[in-house]
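# Coordinates in review
Single-letter residue listing:
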Amino acid sequence: NIALKHGKQQQRGSINHFTRAMEQATHARVRLLQELREAFEQQQLFLVYQPQVRLQDGLLVGVEALLRWRKSDGQWVAPDQFIPLAEETGLIHPLTQWLIDEACQQITTWRAAGLAVPHVALNLSGRSFHQKGFAQSIHSALTQHGLSTQDLLLEITESVVMDGRTVTQENIEQLSQQGFRLSLDDFGTGYSSLSYLHRLPIAELKLDKSFVQDLEHSETARALTISVLSIAKSLHMTVVAEGVEPPHQCRWLKDHGCEVMQGYLLGRPMPAEMLASWMPRPETPCCA
Ligand code: C2E
Ligand code: MG
Ligand code: MG
């Protein structure tokens, strides 16, 4: 009897403990969201750009824009942490509009300074595609900056492609009709339904960095990478390998026909002003 009573007390204790942990987590989220809102309003979010390099000649084919948030106390918050928060609360909509505008502005600034940046790749949230008129809004932003659809490359994930909502499919369709190129980010980690690949206007596949990083040790990663390269080739799509770090990954990918790479080996995500000193690259690793 005493044991039973003790057990119940213990159970109750752990439930209390659990509830408290939940409350704390909710509290922390609410606070982070508040900070994110303020950071956005006070323009404390910014973009860094990571080079995408064609190995054949070491040429820059484009840069990917990546969001950064550094809190006023100096702490960095990773996009994997704050973007889901922005998505849940709808903040992602003004954030994405800002992102597009900022990227367009940056292209113009680089080109005015004589820096040939062929495109900026933008990560688009699946949530944006739920908005009617989203495709049109990207096009308008672009036109306002006097740019063309080839100046951006729109990265979406497999979940967007698989989203059955009419509005999502309309936005995809419209983007393609307007002449935008779409890129499938984190390819291989999602639903892995290949049938949509030939249905949809996809110009590029981004081989997820988890594959790239397993190349050395995993037979499966190598086999899947070879398949992706071969699918892309027959469908006339470009493959960009993400997260290329040690030179042997670069070498292996190059030997297996991957043309474009992105990763710390070639260049880290950097502030816009630093791109000028990163370019040109006389000795791109792996280019020889
Ligand atoms: P992603 O689009 O797949 O971006 C690639 C991530 O890999 C970036 O992380 C980049 O910094 C990192 N990376 C690049 N090269 C290397 C490498 O050689 N090694 C390793 N270990 N990592 C590398 P980041 O910047 O933390 O972004 C994480 C994710 O957050 C992105 O994945 C993207 O899904 C999302 N994200 C970032 N910026 C935006 C944005 O502007 N809008 C939206 N909707 N999502 C964004
Ligand atoms: Mg991306
Ligand atoms: Mg990715």
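Here, every reference points to the structure presented above.
Residues numbered from 1 in each chain as written. Chains lettered and ligands numbered in written order. Predicted model: local features only at pLDDT ≥ 70, side-chain atom pairs only at ≥ 80, totals over all residues. Heavy atoms only, no water.

## Points about the packing of helix H4 (residues 134–144) against helix H6 (residues 166–178)
So the rule is basically this: Here an axis means a line fitted to C-alpha atoms, over the contact stretch when the element is a helix, while the angle between two N-to-C directions is reported on a 0 to 180 degree scale. Helix numbering and strand numbering both begin at the N terminus, where a helix is a DSSP run of H or I of at least 4 residues and a strand a DSSP run of E of at least 2. An angle below 35 degrees is read as roughly parallel, one above 145 as roughly antiparallel, one from 65 to 115 as roughly perpendicular, and any other as oblique. We call two residues contacting when some pair of their heavy atoms lies within 4.5 Å. Polarity classes work like this: nonpolar for Ala, Val, Leu, Ile, Met, Phe, Trp, Tyr, Cys and Pro, charged for Asp, Glu, Lys and Arg, and polar for all others, with Gly in that last group.
Between H4 and H6, whose axes approach to 8 Å, the crossing angle comes to 30°. For the element pair H4 / H6, the angle class is roughly parallel. Counted together, Phe134, Ala135, Gln136, Ile138 and His139 of H4 and Asn171, Gln174, Leu175 and Gln178 of H6 form the full contact between these two elements. The residue makeup of the contact of H4 with H6, split by class, is four nonpolar, five polar and no charged.

## Points about the coordination of the magnesium ion (ligand 2)
For clarity, the cut-off: Here a donor is any nitrogen, oxygen or sulfur atom (N, O, S) within 2.8 Å of the metal, with 3.2 Å used for Na, K and Ca; water is not among the atoms considered, so some sites may look incomplete. Three exposure classes are used, based on accessible area relative to the maximum for each residue type with a 1.4 Å probe and protein chains only: buried under 20%, partly exposed in between, and exposed over 50%.
Protein ligation of the magnesium ion (ligand 2) involves Glu64 (OE), Asn123 (OD1), Glu155 (OE) and Asp185 (OD), the donor distances falling in the range 2.0 to 2.3 Å. Sequence spacing of the donors to the magnesium ion (ligand 2): E-x58-N-x31-E-x29-D. Between the magnesium ion (ligand 2) and the magnesium ion (ligand 3) the interatomic distance comes to 4.1 Å, and Asp185 is a ligand of both metals. Of this pair, Glu64 sits in strand S2 (residues 59–70) while Asp185 sits in strand S6 (residues 181–187), and the two are 121 residues apart along the sequence. Relative accessible area serves as the criterion here: at 5%, Glu64 is assigned to the buried category.

## Concerning the nonpolar core
Rule in force here: Among the buried residues, those of types Ala, Val, Leu, Ile, Met, Phe, Trp, Tyr and Cys that are joined through side-chain atoms within 4.5 Å form a nonpolar core.
Among the nonpolar cores identified, the biggest contains 80 residues, and Val120 and Leu253 are the most heavily contacted of them. Here this core takes eight residues from helix H3 (residues 92–112), the largest share from any one element. The residues contacting Leu253, other than those within four sequence positions of it, are Leu207, Val212, Leu215, Thr225, Ala241, Val244, Cys258 and Met261.

## A closer look at unusual backbone geometry
A positive phi is found at Gln43, a non-glycine position, where the angle reads about 55°. With respect to the secondary-structure elements, Gln43 resides in the loop between helix H1 (2–41) and strand S1 (45–54). Backbone geometry at Asp186 places phi at a positive 55°, although glycine is not the residue there. Along the chain, the position of Asp186 falls in strand S6.

## Quick look at the coordination of the magnesium ion (ligand 3)
Ideal geometry at a metal centre gives angles of 109.5 degrees when four donors are arranged tetrahedrally and 90 or 180 degrees when six donors are arranged octahedrally. For the magnesium ion (ligand 3), the protein coordination sphere consists of Asp185 (OD), Asp186 (OD), Glu242 (OE) and Glu242 (OE), at 2.1 to 2.6 Å. Here the donor residues of the magnesium ion (ligand 3) share one chain and are spaced in sequence as D-D-x55-E. Given a relative accessible area of 27%, Asp186 falls into the partly exposed group.

## Re the environment of Leu59
Topologically, Leu59 is positioned in strand S2. Sequence separation between Leu59 and Ala113 is 54 residues, and the spatial gap between their C-alpha atoms is 18 Å.

## What about helix H10 (residues 247–255)?
Note the cut-off: The reported arc concerns the directions from the helix axis to the C-beta atoms and nothing else.
Among the residues of H10, Gln249, Cys250, Trp252 and Leu253 are the ones counted as buried. All buried residues of H10 lie within an arc of 165° about the axis, which places them on one face of the element. Along H10, exposed side chains directed more than 90 degrees from the buried face belong to Pro247 and Asp255. After H10 finishes, the residue Gly257 shows a positive phi value of roughly 95°.

## A closer look at the pairing of strand S8 (residues 238–241)
For clarity, the threshold we go by: The criterion for strand pairing is that DSSP finds at least two bridges linking the strands in question.
With four bridges joining them, strand S7 (residues 202–207) and S8 adopt parallel strand pairing. Among the inter-strand pairings, Leu205 is bridged to a residue of S8, identified as Val239. Where S8 lies against strand S9 (residues 260–261), two bridges are found, and the strand directions are parallel. Residue pairing in the sheet places Val240 in a bridge with Val260 of S9.

## Overview of the side chain of Lys71
So the rule is basically this: Side-chain atoms alone can form a polar contact between residues adjacent in sequence; in general such a contact is a pair of N or O atoms within 3.5 Å, and within protein one must be able to donate a hydrogen while the other accepts it.
Mapped onto the elements of the fold, Lys71 is located in the loop between S2 and strand S3 (76–77). Within the structure, the side chain of Lys71 is placed 3.2 Å from the side chain of Glu35, a separation counted as a polar contact. Ignoring any residue separated from it by four or fewer positions in sequence, one finds Lys71 in contact with Leu32, Glu35 and Val77.

## A closer look at H6
What counts, and what does not: Given the number of residues in a helix, its expected span is that number minus one, multiplied by 1.5 Å.
Over its 13 residues, H6 runs 18 Å from end to end, which matches the ideal 18 Å to within 8%, given 1.5 Å per residue. Listing the buried residues of H6 in full gives Val167, Thr168, Asn171, Ile172, Leu175 and Gln178. Viewed end-on, H6 has its buried residues packed into an arc of 140°, placing them on one side of the element. Turned more than 90 degrees away from the buried face of H6, the exposed residues are Thr166 and Gln177. Among the structural elements, H4, strand S5 (152–157), helix H5 (158–162) and S6 are those in contact with the buried residues of H6.

## Structural notes on the side chain of Lys206
Mapped onto the fold, Lys206 is located in strand S7. Residue classification places Lys206 among the buried residues on the basis of a relative accessible area of 0%.

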